[in-house]
Amino acid sequence: MRKLEKQEIIDILYGCTIVGTGGGGDLELGLRTMEEDFEQGKDLYIASVDEVPDDAYIAVPYMCGSPASLEGGGEEYAHLPLLDYPESLLAFRTLEDYFGQKFFGAVSTELGGANTAFALHAACQLGVPIIDADPAGRSVPELQHSTFFVKDIPMAPIALATQFGDAMIVKDIVDDMRAEDIVRSVAVASGNKIGVADHAITGKQLRGAIIPDALSYTLKLGQALRKAKENGEDVAEKVCEAGNGKVLFRGIVKEWKVEETGGFIFGDTVLEGTGAYEGHEYKFWYKNEHLVSYLDGEVDITVPDLICVVDKDGTPVTNPNYENGMELTVFVLPAPEIWKAERGLEVFGPRSFGFDFDYVPFNER
């Protein structure tokens, strides 16, 4: 276990926004969330999976809902009080109260600029370490898109907390798909966002059911991004070097569309190629996160590989924050191995989203 320095935390959040593949919440929201901890001089420690005692409990605090709604409710909720701290922190405390004990540490639910920050913030405020692991290795649109689900570890009991201070426990749940329906419904009734804490499990259960060293990976990517900017180098190229990825396309936004429904944002963005890519067109489709991309109308990259986007300054772009004429670079990073196995692809491959084609790793195309 070691203490994370402030710059490392910032680099982790930049790296998480890269692998957030357009989702996982806004980076600026994540940085603002951590600013309270920086100002208070809170220390944040990171622990490896092997450092979690066999009989100690961890839990997973996060926000669920539409990325476009994670910063506040609409006018219809103006008569209700608002929390002055993240709902995910209230959910974590609610789950601890239910178990009647203090948990050893916190685990992020996915790697994203805001959702990882919510886990880091909860760890800081509660005085527990963040575990260097993640059950997605990227951002994902639905709750069952988790290595816990792949390994048949149930989510329940689940703690839910709204931005208005409502707190509740869902003691039992049929399965992760049912959890997705219930949690998403509460989110839709609460300004399209909800704080969640789930998977209260022991260190013994955690090992083998999660992707280890995930935050260390995002730290490496974030450092590569920062150093590339400082040295005036190509950010996408340097991040790809650090993460064994590949630049796919460079172009300007030609058109884009987005629809928010059922607690998700759906959309696609079309790029017109520039430079070496002139005369070609690239499109990526998203359900919160980028899931499938097309080069000149043909399938190029699919989940579980990571379709990442940065602007001309090398800053990761989150959905649906596009504008016509934006200069973007699209690149791919490899999926964690667990997603490439048969069960992983059943849960989080292109066919799980209704597409009629199979996953092909980007480096085999």
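One structure accompanies this document, and this report is about it. All residue numbers refer to positions counted from 1 along the written sequence of the respective chain. In keeping with the model being predicted, local features are shown solely for residues with a pLDDT of at least 70 and side-chain atom pairs are shown and tallied solely at 80 or more, while totals for entire chains, interfaces and linings include all residues. The side-chain quantities take in all heavy atoms of the structure and omit both hydrogens and water.

1. Comments concerning helix H2 (residues 27-40)
Okay, step 1: Helix and strand assignments follow DSSP, with helices taken as H or I runs no shorter than four residues and strands as E runs no shorter than two, numbered in order from the N terminus. Helix span, expected: 1.5 Å multiplied by one less than the number of residues in the helix. Compared with an ideal rise of 1.5 Å per residue, which puts 14 residues at 20 Å, H2 spans 21 Å between its outermost C-alpha atoms and is within 8% of the ideal.
Okay, step 2: Note on bend: at a given residue it equals the angle between the axes fitted to the 7 residues ending there and to the 7 starting there. Of all the bends found along H2, the most pronounced is centred on Met34 and spans about 30°.
Okay, step 3: Within the span of H2, buried status applies to Leu27, Leu29, Gly30, Leu31, Thr33, Met34, Asp37 and Phe38.
Okay, step 4: Under this definition, polar contacts are N or O atom pairs within 3.5 Å; protein pairs additionally need one hydrogen-donor-capable and one acceptor-capable atom, and for neighbouring residues in sequence, both atoms have to be side-chain atoms. One side-chain oxygen at the N-terminal end of H2 lies 3.1 Å from the backbone nitrogen of Glu28; it belongs to Asp26.
Okay, step 5: At the C-terminal side of H2, Gly41 shows a positive phi close to 70°. The cut-offs for exposure are 20% and 50% of the maximum accessible area for each residue type, with area from a 1.4 Å probe on protein chains only; residues under the lower value are buried, those over the upper are exposed, and the others partly exposed.

2. Some points on the environment of Ala119
Okay, step 1: Mapped onto the secondary structure, Ala119 falls in helix H4 (residues 115-126).
Okay, step 2: We classify Ala119 as buried; its relative accessible area is 0%.
Okay, step 3: Between the C-alpha atom of Ala119 and that of His199, which follows or precedes it by 80 residues, the distance is 13 Å.
Okay, step 4: Throughout, a residue-residue contact means that at least one pair of heavy atoms, one from each residue, lies within 4.5 Å. Ignoring any residue separated from it by four or fewer positions in sequence, one finds Ala119 in contact with Pro61, Ala106, Val107, Ser108 and Ile130.

3. Details of the nonpolar core
Okay, step 1: Throughout this description, the term nonpolar core refers to a set of buried Ala, Val, Leu, Ile, Met, Phe, Trp, Tyr and Cys residues connected via side-chain atoms within 4.5 Å. Counting 55 residues, the largest nonpolar core has Ile18, Met34, Leu44, Ile130, Phe331 and Leu333 as its most contacted members.
Okay, step 2: With eight residues, the top contributor of residues to this core is helix H1 (residues 6-19).
Okay, step 3: Both of domain 1 (2-212) and domain 2 (239-353) provide at least three residues apiece to this core.
Okay, step 4: When near neighbours in sequence (up to four residues on either side) are disregarded, Phe331 contacts Ile18, Ala236, Val239, Cys240, Lys246, Val247, Leu248, Leu306, Ile307, Cys308 and Val310.
Okay, step 5: If you look at the next biggest cluster of nonpolar residues, it comprises 28 residues, including Val52, Ile131, Leu143 and Leu206. Those domain boundaries reflect an automatic or database domain assignment.

4. What about helix H3 (residues 87-99)?
Okay, step 1: With 13 residues, H3 should cover 18 Å at 1.5 Å per step; its first-to-last C-alpha distance of 19 Å lies within 8% of that length.
Okay, step 2: Its buried side turned inward, H3 meets strand S3 (57-65), strand S4 (105-106), H4, strand S7 (158-161), strand S8 (167-170) and strand S9 (193-202).
Okay, step 3: Just beyond H3, the residue with positive phi is Gly100, at close to 70°.

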